[in-house]
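As a plain string of letters, each chain reads:
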Amino acid sequence: MKTLTAFSVARFALAALVLFAVPVRGFGADNSDEYFGVYLSGSKVGWMHVQKNPTATFAGKSAVRSQADTQITVNALGTVAKTVSQTVSYNDPKTGAPLFTQTR
């Protein structure tokens, strides 16, 4: 039987957050500044802060800049795993096509 490590649980929680918790909005909308709680099995394990600037520029072209800062802390089998990430992306304001993405 395979045992889940704290790191794999934290990775799963982060992947679930990115796939299911971030709302998709129109690319032409106003600036936004949103905060989300991240929950796993009914307990808060972290947070996410999303900022969007629809009047940014990238490589001299009009773009929408989005930044998502996330922190998740999971305690599994007596081991604490903390994941901190930041994703910055620039998208075409008309089509939403990605121009650049960086994750740290």
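Presented here is an overview of the structure given in this document. Values in this document were obtained by computation on a predicted structure and should not be read as measured data.

1. Here we look at the packing of aromatic side chains
Taken as a whole and judged by the stated rule, the model has three aromatic pairs. Measuring from ring centre to ring centre gives 5.3 Å for Phe58 and Phe100, while their planes differ by 25°; the resulting arrangement is stacked. Of the two residues, Phe58 sits in strand S2 (residues 43–58) while Phe100 sits in strand S5 (residues 98–103), which places them 42 residues apart along the sequence. Ring pairs connect the aromatic residues Phe58, Tyr90 and Phe100, which therefore count as one cluster.

2. A few points about the environment of Gly37
Among the structural elements, Gly37 can be located in strand S1 (residues 32–40). Not counting residues up to four positions away in its chain, the partners in contact with Gly37 are Lys44 and Gly46.

3. Comments concerning the pairing of S5
Here strand S4 (residues 79–91) runs beside S5; their pairing, made up of five bridges, is antiparallel. Note on S5: the bridge partner recorded for Tyr90 is Phe100. Where S4 folds back on S5, the antiparallel hairpin that results is connected by six residues, among which Gly96 adopts a positive phi of roughly 80°.

About the criteria used
Residues numbered from 1 in each chain as written. Predicted model: local features only at pLDDT ≥ 70, side-chain atom pairs only at ≥ 80, totals over all residues. Heavy atoms only, no water. Phe/Tyr/Trp six-rings, centres within 6.5 Å; stacked < 30°, edge-to-face > 60°. Helix = DSSP H or I, 4+ residues; strand = E, 2+ residues; numbered from the N terminus. Contact = heavy atoms within 4.5 Å. Pairing = 2+ DSSP bridges.

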